[in-house]
Amino acid sequence: MIKIVYNGELDPRLCKQVLGSTIPALAEADPDVIYLDSDLMNCIGTAKWGAAHPDRAINCGIAEANMIGVACGLASEGFKPIVHSFGCFSSRRCFDQAFLSAGYAKNDITILGTDPGVTATMNGGTHMPFEDMALYRALPGSTVIDITDPTMLESVLHQCVDLPGVKYVRVGRKSYAKVYEEGSETPIGKAITLREGSDAVVFATGIMIHEAMQAAQALEKEGISVAVVDMFTVKPIDVDAVCEWAGKTGAVVTAENHNRYGGLTSAVSEVLGARCPVPIEHVAVEDEFGEVGTQSYLQKRFGLTAEHVAEAVRKVISRK
Amino acid sequence: MTTETKELKALAAKIRIAALTAINSIGSGHTGGALSIADALAVLYGREMRVDPANPSWPERDKLVCSKGHAGPAVYGTLAVKGFFPYEELRTLNQGGTRLPSHCDRNKTPGIDMTTGSLGQGVSLACGMALGEKLRGRDSRVFLIVGDGETNEGQVWEGFSFASAKKLGNLVVLLDWNKRQLDGWTVDIHDMGDFEAKFKAFGFDTVKVNGNDVDELAAALERTRKGGDKPYAIVMDTVKGAGIKEVAETAMNHTYPVTDENLAIWKERLEAEIKELEG
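Residues numbered from 1 in each chain as written. Chains lettered and ligands numbered in written order. Predicted model: local features only at pLDDT ≥ 70, side-chain atom pairs only at ≥ 80, totals over all residues. Heavy atoms only, no water.

K.L.:
Account for the packing of helix H1 (residues 3-24) of chain B against helix H4 (residues 72-82) of chain B, with residues named and values stated.
P.N.:
All names here are of chain B. Contact geometry for H1 and H4: axes closest at 8 Å, N-to-C directions at 120°. Here H1 lies oblique to H4, going by the angle between them. For the pair H1 and H4, the crossing hand works out as right-handed. Residue-level inspection shows Leu 11, Lys 14, Ile 15, Ala 18, Ala 19 and Ile 23 of H1 in contact with H4, the latter providing Pro 73, Ala 74, Gly 77, Thr 78 and Val 81. (Axes fitted to C-alpha atoms, helices over the stretch in contact; angles between N-to-C directions. Helix = DSSP H or I, 4+ residues; strand = E, 2+ residues; numbered from the N terminus. Parallel < 35°, antiparallel > 145°, perpendicular 65-115°, else oblique. Left-handed = near helix turned anticlockwise from the far one by under 90°. Contact = heavy atoms within 4.5 Å.)

K.L.:
Describe in detail the sheet that holds strand S9 (residues 226-230) of chain A, supporting the description with residues and values.
P.N.:
All names here are of chain A. Strand order in the open sheet made by the 5 strands is S7-S9-S8-S11-S12, with mixed pairing throughout. The two strands at the open ends of the sheet, each matched to only one other strand, are strand S7 (192-195) and strand S12 (280-285). When the angles between neighbouring strand axes are averaged without regard to direction, this sheet yields 25°. Here strand S11 (residues 252-259) pairs with S12 via 5 bridges, running parallel. For Thr 254, the partnering residue across the bridge sits in S12 and is His 282. (Pairing = 2+ DSSP bridges.)

K.L.:
Can you lay out H1 of chain B for me, pointing to particular residues and giving the numbers?
P.N.:
For H1 of chain B, which comprises 22 residues, the first-to-last C-alpha distance of 31 Å matches the rise-based estimate of 32 Å (1.5 Å per residue) to within 8%. With 16 of 22 residues buried, H1 of chain B is to be regarded as a mostly interior element. (Expected span 1.5 Å × (residues − 1). Buried < 20%, exposed > 50% of the residue type's maximum accessible area, 1.4 Å probe, protein only.)

K.L.:
Summarise unusual backbone geometry; cite the residues concerned and give the values.
P.N.:
Residue and element names in this part refer to chain A. Here the amide bond leading from Lys 235 into Pro 236 is cis, since omega sits at -5°, within 30 degrees of zero. Here Pro 236 is to be found in the loop between strand S10 (233-235) and helix H9 (239-249). Located in the positive-phi region is Lys 106, a residue other than glycine, with phi close to 60°. Positionally, Lys 106 belongs in the loop between helix H5 (95-104) and strand S4 (109-114). Classification of Lys 106 as exposed rests on a relative accessible area of 54%.

K.L.:
An account of the pairing of strand S3 (residues 80-86) of chain A is needed here, citing residue identities and associated values.
P.N.:
Residues and elements named next belong to chain A. Counting buried positions over the 7 residues of S3 gives 7, a clear majority of the element. Where strand S1 (residues 33-37) and S3 come together, 5 bridges link them in parallel fashion. From the neighbouring strand, Tyr 35 faces S3, where its bridge partner is Ile 82. Of the strand pairs in this sheet, S3 and S4 are connected by 5 bridges, and their pairing is parallel. Bridge pairing in S4 links Ile 82 to Thr 110.

Next up, the structure:
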C-alpha cells in the first residue's frame, strides 16, 4: 500500500529517529540481524539501545574498512549485517572492502550512508558525497537507494535485510518533506508516480523530490503539465517506468543530490539511449567537490532548487 | 622423531608437491609464498583443525582464512591431498572456468572458507567470522594466515586491534614472516619492525616459532586451544620458498617458474623424503 500525502510540509519525524527505532526493531524481530557502526551510533539514535545490546550492536570504532570486513565475516556466518557510517566514509573510504569482501565474495550486507550530498551541510566538502551512488552502482549485483522520506526509510530497511547482494542506502539524518503516509510500503525497484503530467517528466530522488514537486506546481501555473516520478531505486533502475514516462511526455528531466556522472542522470540516460530516446536535461552537481554551508545555501550553490528543476523542464520541452 | 612428526612432515612434503603441480600447470605463480606456509598448512589440516572433507560447509568446522590470498595453490594443494576435491583438479589452476583461481574464492572451491586477494581484507573477514562463532555460541575457531608484506596494509592493524578489543580468543593469527615481498626484502621495502612486540602491544597472546618446523608449529597451535579473552598470534619465522632449495636461495622468488623439468626434479626429491618418513 502506498498513499501519497505530499503537501510540501516537513515530516515531523527525523530520519535519524527512524533509524534509531527501526534498526533495533529489526534486530529484535530477527536474531540474525546485527548492526555495526563506526563510532557514529550517537548520530543516528542507536547508542542507547546498542549499549544495552552489545551482542547485537557492534561498535567497530573509527575504522570503516575493517567494519565492512567484519560485517562480511558475520554475513558468512549467516548474519544479516546492517552497517552505518556517514555516506562519504561508507562509500569511498571502504569501497574496495565493499566491492570484494561483500560483493565479490557474496557476503550480503546492507550499508547505510547518512548525510548524502548537500545534506552534509556543516561538515563540508570532506564529508559531502556526490559520488557514492556512482561507486555503488558500479558494484555488480548491487542495489542503490536514495531515500525520499522517513516512511520510505522504514519500508526500505525492512526489505533490505533479506535482499541478496550489497544494498547501499543513502539518507539524510534530518527531516524531509513528507511524501508518503506512515505505514506505506515502497517496494524496492519500483518507481512511484507522485504526479501525473503530459509535457515532461521529472525523475527525482532524495531531497530533489520536494524540489521537483514544487517546480511542477509552479510550472502548472505557466500552463506546463509536469509528471514527477520518485526513482528512489537508482539501481536496479525501473526501466519500464522510464520508458513509459518518456513515451507519454517525450521530455525527461533528472534531479539528484549527486554528481551528474554515475548516479540517477546516468542511470536514466542509459535507459533512454538504449530503449526509448527522447531529450533529457539534468539537475545535478556539475562535477564539483562539496563545500560547507547551510543546506539552502548549498542547494543554490550547486543548482539543486525547484527553480533549477523548472528551468531544466522548460529547456527540455524546447528541445522536443 | 615421533610418528606424528613424521606424518606431518610427510604431509607438508605432499602439500609442496601438490602446490607445485598446480603452479606447473600454468608454468609460474606465487611459488615462494606458497612454499613458506606448507608446514603450517600441514599442521593445521593434519592435526589442529576440525574439518570434514566430505562436508566442507559443516557449520561446526574450524575455518581458515588465507589472507595472503595469492598463496591459494598451497591451500588448494592441502585441500586436494585431504580429499576435499579430486587431486587431478589441481591441474586446472587459473584455467578459464576453473574452481581454483589464483586467489582464494569461497564461492568456487570446496573447503575454501573465505574469499581473499586484496591484501588486508582477510584479517577483518576472519575477525567477523570469529565474532560470529562466538555469538552463535559455537566452539569453532578461525585460523588466519597473514603475510609479512601484507602487514604494510593499514587494514591489517585495524583488524588486529578489533580482535583484541572484542576479545576474540577463538582467533589464531599465523604470521608468515618469510621476510620477502614482491619487490624484495621486507626490511628494505617497508620495514615493519618487531612483529612479536607489535602483536604483544596489540594485546595478542604471542609466540614466535620456526614456521617451517612442524613440531614447533604443533606445540604453538596446541597452546591456542585453551581459548580465553585474548586472540593468539604465532609469528612464524619462515623461509620464502622453504622446502625447495633452488627457490629459497633465489632472492626474488615472489613468483618463480615451475617448469616440467623443475617439477620432475623437485617431485622426485620430495617423494624420496616422503618415502623415508613413511618408512
